[in-house]
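Chains, contacts and geometry: an overview
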Amino acid sequence: MALIITDECINCDVCEPECPNGAIYQGDEIYEIDPDLCTECVGHYETSQCVEVCPVDCIIIDPDRTETEEELRAKYERITSESA
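Description of the structure in this document. (Residues numbered from 1 in each chain as written. Predicted model: local features only at pLDDT ≥ 70, side-chain atom pairs only at ≥ 80, totals over all residues. Heavy atoms only, no water.)

1. So, the pattern of salt bridges
When charged atoms on two side chains of opposite charge get close, those side chains can pair. Inspection of every chain in the model, using the stated rule, returns 2 salt bridges. Arginine 65 is the salt-bridge partner of aspartate 36, the closest N and O atoms lying 3.6 Å from each other. In this pair, aspartate 36 is assigned in the loop between β3 (31-33) and α1 (49-53) and arginine 65 in the loop between β4 (59-61) and α2 (69-82), connecting sequence segments 29 residues apart. (Salt bridge = Lys/Arg side-chain N within 4 Å of Asp/Glu carboxyl O. Helix = DSSP H or I, 4+ residues; strand = E, 2+ residues; numbered from the N terminus.)

Given below as C-alpha cells:
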C-alpha cells in the first residue's frame with residue numbers, strides 16, 4: 001500500500017528528505033506522495049521513514065492503493081533499476 005499525507009500536514013518539511021524514492025513533494029497546499037514511487041520504504045528500511053519523523057502523524061496508509069509486500073518490493077526493484 002502506498003502512503004498518503006492527510007490535511008493535518010503542517011508543512012514542516014521533515015518528511016520529504018527522508019523518502020529514499022523521492023516520492024514526497026510539495027503540493028499546492030500540503031506535501032503529497034506519488035503512489036507510483038512510494039514503497040513504504042520496502043527495500044530500503046524496516047519502517048516507513050516519513051511516518052517515523054512526522055510530528056503530527058498525518059501520514060497514513062492509502063486505503064485506495066492496496067499493495068502486498070511483494071508488490072512493494074517489485075516496485076522498489078523497478079524504481080532502483082530505472083535510476084541505475
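2. Some thoughts on the nonpolar core
By size, the foremost hydrophobic cluster in this structure holds 16 residues, and its most contacted members are Ile5, Cys15, Ile24, Ile33 and Ile59. Going through the elements one at a time, β1 (3-5) and β3 are the ones with two or more residues in this core. (Core = buried A, V, L, I, M, F, W, Y, C linked by side-chain atoms within 4.5 Å. Buried < 20%, exposed > 50% of the residue type's maximum accessible area, 1.4 Å probe, protein only.)

3. Thoughts on a negative patch on the surface
On the surface, Asp7, Glu8, Asp28, Glu29, Glu32 and Asp57 cluster together into a negatively charged patch. Looking at the element boundaries, glutamate 32 is found in strand β3. A relative accessible area of 33% means that glutamate 32 is categorised as partly exposed. (Patch = residues over 30% accessible without salt bridge, like charges linked within 9 Å, V, L, I, M, F, W, Y side chains within 5 Å. Areas by Shrake-Rupley, 256 points an atom, 1.4 Å probe, with all protein chains shown as cover. Lys, Arg positive; Asp, Glu negative; His and termini not counted. Charge placed at Lys NZ, Arg CZ, Asp CG, Glu CD.)

4. A word on the environment of isoleucine 61
Mapping isoleucine 61 onto the fold places it in strand β4. Along the primary structure isoleucine 61 and leucine 37 are separated by 24 residues, whereas in three dimensions their C-alpha atoms are 14 Å apart. Setting aside residues no more than four positions away along its own chain, isoleucine 61 makes contact with Met1, Ala2, Leu3 and Ile4. (Contact = heavy atoms within 4.5 Å.)

5. Some remarks on the side chain of glutamate 67
Mapped onto the elements, glutamate 67 comes out in the loop between β4 and α2. By relative accessible area, which is 14% here, glutamate 67 ends up buried. Within the structure, the side chain of glutamate 67 is placed 3.2 Å from the backbone nitrogen of alanine 2, a separation counted as a polar contact. (Polar contact = N/O pair within 3.5 Å; in protein donor to acceptor, adjacent residues only side chain to side chain.)

6. As for α2
For α2, which comprises 14 residues, the first-to-last C-alpha distance of 20 Å matches the rise-based estimate of 20 Å (1.5 Å per residue) to within 8%. When α2 is considered as a whole, its buried residues turn out to be Leu72, Lys75, Tyr76 and Ile79. Each buried residue of α2 lies within a common arc of 105° when the element is viewed along its axis, so the set occupies one face. (Expected span 1.5 Å × (residues − 1). Arc of directions from axis to C-beta.)

7. Quick look at unusual backbone geometry
Positive phi, close to 55°, is recorded for asparagine 11, a residue that is not glycine. Mapped onto the elements of the fold, asparagine 11 is located in the loop between β1 and β2 (24-26). Residue class for asparagine 11 comes out partly exposed when judged on its relative accessible area of 29%. One non-glycine residue, aspartate 13, lies in positive phi territory at about 75°. Topologically, aspartate 13 is positioned in the loop between β1 and β2. Judged by its relative accessible area of 44%, aspartate 13 is partly exposed.

Without other data, these values stay purely geometric and don't point to any function.
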